[in-house]
Amino acid sequence: MTTSFVTCPLCEATCGLAIKHEGGQVLGIRGDKDDVFSGGYLCPKGTSLGALDADPDRIRTPLVKRDGEFHEATWDEAFALIDARLPALRETHGPDTVAVYFGNPSAHNLSGALYLRVLAKALATRNVYSAGTVDQVPKTFVGGYLYGDAATIPVADLDRTDHLLILGANPLVSNGSLMTAPDMRGKLAAIRKRGGKVVVIDPARTRTAERADEHHPITPGTDAFLLFAMLHVILEEGLERVDGLAPHLAGLDEVRVLAKPFSPETVAERTGIAADEIRRLASELAAAERAAVYGRMGTTTVEFGTLASWLVDVLNIVTGNLDRPGGVMFPKAAAGQPNTRPRDARRPFRHGRWHSRVRELPEVMGELPVATLADEILTPGNGQVRALVTVMGNPCVSTPRAGRLDEALERLDFMVSFDVYLNETTRHADVILPGPTPLERDHYDLLLYQYAVRNVANWTPAVVQTDVPQEWETMLRLVGVLQGMGPDADVAALDAALADGIARLNGVAVTEGLAGPRRLLDVLLKAGPYDVTLADLEAAPHGLDLGPLQPRLPEVLSTASGLVELAPAAIVDDVPRLVAALDRPAAPGMVLIGRRHLRSNNSWMHNLEPLAGGGNDCSAHVHPDDAARLGLVDGGACTMTSRVGAITLPVVVTDRIRPGVVSVPHGWGHDVDGTRTEVAARRPGVNSNVLTDDTVLDVPTGTGVLNGIPVELLP
Ligand SMILES: Nc1nc2c(c(=O)[nH]1)N[C@H]1C(S)=C(S)[C@@H](COP(=O)(O)OP(=O)(O)OC[C@H]3O[C@@H](n4cnc5c(=O)[nH]c(N)nc54)[C@H](O)[C@@H]3O)O[C@H]1N2
Ligand SMILES: Nc1nc2c(c(=O)[nH]1)N[C@H]1C(S)=C(S)[C@@H](COP(=O)(O)OP(=O)(O)OC[C@H]3O[C@@H](n4cnc5c(=O)[nH]c(N)nc54)[C@H](O)[C@@H]3O)O[C@H]1N2
Ligand code: SF4
Ligand SMILES: [Mo]
């Protein structure tokens, strides 16, 4: 029996796990108490990695569809089919005819983090989509325009702050997002224990809200009003203290003008938070010695997601909390972080370099909004999407107006999916290419360490052997097809050329004897800001602690001015839309928001028996007053209708949700035909994104509005 130490890749917390195994079988998983970052913390999903590995439904060999039925195929057969179909479609209709969608796990996967770009480049299509536009794009957009790079996002310095204001996030359940921090419960408790304060703004009394000093149940979709009013108070009462930040700032006067119309009295009714409470929230934030404002899903996937995300940063800046211990700081990752590259190698952020064909929505970070993918497939004309590659994603469940996308995928001429399950999305594919499970692959959290609340680095070698090719090999094989090398391209040669290119770009040498992600990571570590090598990481199974976050202004910036741009046009041009909405009457009926459960992971872990139960179910949470008014009973069913769809699901009557709001978790609806997820199908739930309106987006970024959807509820 062996114990291996691995970093859990399932969510952003990057917990260290100690895995006991023998002969390729997992015998037990616990938290690694010696992990330099997580110190033994883990959640139920982490302990289910063995069940994932052993899941009989998991795909282990390529599946190819013939006459509407999937058949197991060899890798050569699968690639022969891809080679016969994909290049011909591109030849006839141009490269934009092939769309690609990257899902969430691709960001938690070293092959994904390093090789997806290569695949996207080889596809050379404008039709690039990802889960980003149902998630964090407003944050990256703000990072891009304020600091110069989309990956430059300051994180709350949790270990040293005295005051944490959380909006639209439930890190006790989600374990944090764009704030890599294992053991949020411990970190929040520590803030309070040292005399600090935690305030939560959320329409639901979540687990996080329960452990906070204060909880304000806001009306969904109105955080931009609240934050603007707080800014208004701080600027009007002269509470700002930009102090040492002043030489690095541009645009503060413009912000002052923009905040004028948003007095607390103006927004109180709209937000559901009283004017004097807003004043108090603002003055306490400004008065705190060291404070951090943090916003996530409830501030990004809403009607004014960009403005709310921008205001989070503006508040951190005007209170003097940017780039200082206990405030919000810029992590410095050991490898692959764009903002540690030499400044002359960085370009200021831009968006809108092209637009989607049908709805003319702007590109952000080379991607188009996934809410318009169905339009691009269903609308005939030059440039119509006829083929799709999905990589570790389940857009038929996770994206707006999911029912329409589901229909659209049936119309495709050809579809390839990289996935480990035959599910709601991959059932539409012609070829499914499986990959290794987390235990079968090397791992390093290249992306998430860029948002870690402490600088750390941890390398994980694969725990068990597999016959399934690694995802980077499969991606490069597909690159070979796209580059006209046929179905059997020399993957090793492609990989070596890639490593040489990246090494040359970074002015470092390639280490002989390495291959794949290890070789690329080695190159990126050599080019990185620490004197840390791959060998150092391999010698440290519990990770390397690189210390607390350090101030990084102005070196971290890559704006054209070299300053923090507080009022970039791409963002503030959206303020008039918010001002106009001030006078708009609030939605008269109920509005829908989402929620997450500790034992779920978006759409794809419901097939694991150990995660079922414990309250992990798909139901509508409704306040007792609404239930009485609408004739809904606890345990009964309700039908919920939006502009674009309807679902029927069980009701839970609870005062944990604000009146006028109903919450439904996303990621369910596993009872469709043609899937192979037997456990999930037994307790399928319903797909909440059937209700999400694909025409209502955060305007600057095209991010889907998943929270604050008007719905009607009937028993
Ligand atoms: N209404 C509503 N909708 C939402 C959200 C919400 O809060 N409310 N949240 C949004 C957010 S934040 C996100 S990130 C998206 C997620 O949206 P997606 O990324 O589209 O969906 P996931 O459920 O993460 O699907 C992951 C897919 O990857 C596969 N997979 C998992 N691990 C591996 C692996 O190691 N290798 C391979 N090859 N495949 C793998 C799974 O089988 C599954 O098909 O959903 C979004 N949708
Ligand atoms: N267990 C588990 N962990 C996960 C995931 C999972 O599915 N399950 N998914 C992972 C992913 S991909 C992500 S992106 C992260 C997301 O991490 P979080 O953002 O922390 O997760 P959510 O639970 O979606 O939290 C959003 C909160 O916003 C609230 N909310 C809704 N609308 C509004 C609003 O208008 N204003 C305010 N102020 N609040 C609002 C909701 O009630 C909810 O509590 O979680 C990650 N971790
Ligand atoms: S919190 Fe996230 S990283 Fe930690 S064990 Fe759970 S799923 Fe894995
Ligand atoms: Mo996400």
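Residues numbered from 1 in each chain as written. Chains lettered and ligands numbered in written order. Predicted model: local features only at pLDDT ≥ 70, side-chain atom pairs only at ≥ 80, totals over all residues. Heavy atoms only, no water.

### Considering the overall build of the chain
Move 1: For the chain, the helix and strand inventory stands at 24 helices and 28 strands.
Move 2: Relative to the compact-globule value of 27 Å for 715 residues, the chain shows a C-alpha radius of gyration of 24 Å, a close match.
Move 3: Dimensions of the chain along its principal axes, counting C-alpha atoms only, are 70 × 60 × 55 Å.
Move 4: The burial tally for the chain puts 62% of its 715 residues in the buried class.
Move 5: Contacts in the chain between residues at least 24 apart in sequence constitute 74% of all its contacts with a sequence separation of at least 6.
Move 6: Surface exposure of the chain reaches about 25,200 Å², of which carbon and sulfur atoms provide 51%.
Move 7: Taking the 67 positively charged and 89 negatively charged side chains of the chain as two groups, their mean positions are separated by 2 Å. (Helix = DSSP H or I, 4+ residues; strand = E, 2+ residues; numbered from the N terminus. Rg over C-alpha atoms; globule rule 2.2 N^0.38 Å. Buried < 20%, exposed > 50% of the residue type's maximum accessible area, 1.4 Å probe, protein only. Contact = heavy atoms within 4.5 Å. Areas by Shrake-Rupley, 256 points an atom, 1.4 Å probe, with all protein chains shown as cover. Lys, Arg positive; Asp, Glu negative; His and termini not counted. Charge placed at Lys NZ, Arg CZ, Asp CG, Glu CD.)

### Considering the sheet that holds strand 15 (residues 387-391)
Move 1: Here we have seven strands laid out as an open sheet, ordered 5-4-17-16-15-6-7, and mixed in their pairing. Single-partner strands in this sheet number two, and they are strand 5 (69-72) and strand 7 (128-130). Each neighbouring strand pair of the sheet contributes to a mean axis angle of 20°, computed without reference to strand direction.
Move 2: In terms of strand pairing, strand 6 (residues 98-102) meets strand 15 through five bridges, oriented parallel. For Phe-102, the partnering residue across the bridge sits in strand 15 and is Val-391.
Move 3: Taken strand by strand, helix 17 (residues 471-482) contacts strand 15, strand 16 (414-418) and strand 17 (431-433), and its axis lies near 155° from that of strand 16. (Pairing = 2+ DSSP bridges. Axes fitted to C-alpha atoms, helices over the stretch in contact; angles between N-to-C directions.)

### Re helix 18 (residues 491-506)
Move 1: Between the first and last C-alpha of helix 18 there are 23 Å, a value that for 16 residues agrees with the 22 Å anticipated at 1.5 Å per step.
Move 2: Two or three places before Ala-492, at the opening of helix 18, Asp-490 has a side-chain oxygen 3.3 Å from that residue's backbone nitrogen. (Expected span 1.5 Å × (residues − 1). Polar contact = N/O pair within 3.5 Å; in protein donor to acceptor, adjacent residues only side chain to side chain.)

### Here we look at the nonpolar core
Move 1: Core analysis: the biggest nonpolar cluster contains 156 residues, and Ile-82, Phe-228, Leu-231, Trp-310, Val-391, Tyr-444 and Leu-478 have the highest contact counts within it.
Move 2: With sequence-adjacent residues up to four places away left out, Leu-478 is seen in contact with Phe-79, Ile-82, Leu-86, Leu-119, Val-389 and Phe-418.
Move 3: The next biggest cluster of nonpolar side chains, apart from the first, holds 27 residues, and it includes Ala-131, Val-370, Ala-374 and Ile-377. (Core = buried A, V, L, I, M, F, W, Y, C linked by side-chain atoms within 4.5 Å.)

### Quick look at the pairing of strand 13 (residues 291-295)
Move 1: Taking burial as the measure, the five residues of strand 13 include five buried ones, the bulk of the element.
Move 2: The alternating pattern of strand 13 places Ala-291, Val-293 and Gly-295 and Ala-292 and Tyr-294 on opposite faces, both of which are buried.
Move 3: With five bridges joining them, strand 9 (residues 163-167) and strand 13 adopt parallel strand pairing. Paired with Ile-166 across the two strands is Tyr-294, which belongs to strand 13.

### So, the site of ligand 1
Move 1: In the neighbourhood of ligand 1, 29 residues make up the surrounding shell, with Tyr-101, Asn-104, Asp-419, Glu-471 and Ser-603 lying closest.
Move 2: Within the contact set of ligand 1, an oxygen atom lies 2.7 Å away from a side-chain nitrogen or oxygen of Ser-398.
Move 3: Within the contact set of ligand 1, an oxygen atom lies 2.5 Å away from a side-chain nitrogen or oxygen of Asp-419.
Move 4: Computed on the free molecule, ligand 1 has an accessible area of 920 Å², of which 96% lies beneath the protein chains in the complex.
Move 5: Its residues assigned to classes, the shell around ligand 1 shows 13 nonpolar, 11 polar and five charged. (Near = heavy atom within 4 Å. Nonpolar A, V, L, I, M, F, W, Y, C, P; charged D, E, K, R; others polar.)

### Brief notes about the pattern of salt bridges
Move 1: Summed over the entire model, instances satisfying the criterion amount to 40 salt bridges.
Move 2: The salt bridge partner of Asp-135 is Arg-296, with a shortest N-O separation of 2.4 Å. Taken together, the residues Asp-135 in the loop between strand 7 and helix 4 (137-147) and Arg-296 in the loop between strand 13 and helix 12 (297-300) connect sequence positions 161 residues apart. Across the pair, Arg-296 and Asp-135 agree in class, each one buried.
Move 3: Close ionic contact of Glu-555 with Arg-552 constitutes a salt bridge, the shortest N to O distance being 2.6 Å.
Move 4: A relative accessible area of 3% means that Arg-552 is categorised as buried.
Move 5: One salt-bridge network, in which partners are shared between bridges, spans Lys-197, Glu-214, Glu-277, Arg-280 and Glu-284. (Salt bridge = Lys/Arg side-chain N within 4 Å of Asp/Glu carboxyl O.)

### Re the side chain of Glu-367
Move 1: Relative to the elements of secondary structure, Glu-367 occurs in the loop between strand 14 (328-329) and helix 14 (373-378).
Move 2: One buried charged residue, Glu-367, forms no salt bridge at all, with the nearest opposite charge on Arg-353 at 9.5 Å.
Move 3: Residues contacting Glu-367, with those up to four places away along its chain left out, are Val-128, Tyr-129, Ser-130 and Pro-362.

### Overview of the confidence of the model for the chain
Move 1: On average, the chain scores 97 in pLDDT, and the residues at 70 or more come to 100%.
Move 2: Within the chain, strand 9 carries the highest mean pLDDT (99), whereas helix 1 (residues 49-54) carries the lowest (95). (pLDDT = per-residue confidence, 0-100.)

### Things to note about the packing of aromatic side chains
Move 1: Throughout the structure, instances matching the rule amount to 10 aromatic pairs.
Move 2: A ring pair is formed by Phe-141 and Phe-349, whose centres lie 6.1 Å apart and whose planes are at 85°; its orientation type is edge-to-face. Of the two residues, Phe-141 is situated in helix 4 and Phe-349 in the loop between strand 14 and helix 14; the sequence distance between them amounts to 208 residues.
Move 3: By relative accessible area, Phe-141 is classed as buried at 0%. (Phe/Tyr/Trp six-rings, centres within 6.5 Å; stacked < 30°, edge-to-face > 60°.)

### Comments concerning unusual backbone geometry
Move 1: Looking along the chain, the bond that leaves Leu-553 and enters Pro-554 is cis, with omega of 0°.
Move 2: Among the structural elements, Pro-554 can be located in the loop between strand 19 (544-548) and strand 20 (564-565).
Move 3: We note that Leu-178 has phi near 50°; this positive angle belongs to a residue other than glycine.
Move 4: The buried category is assigned to Leu-178, whose relative accessible area is 8%.
Move 5: In this structure, Arg-401 takes a positive phi of about 50° despite not being glycine.

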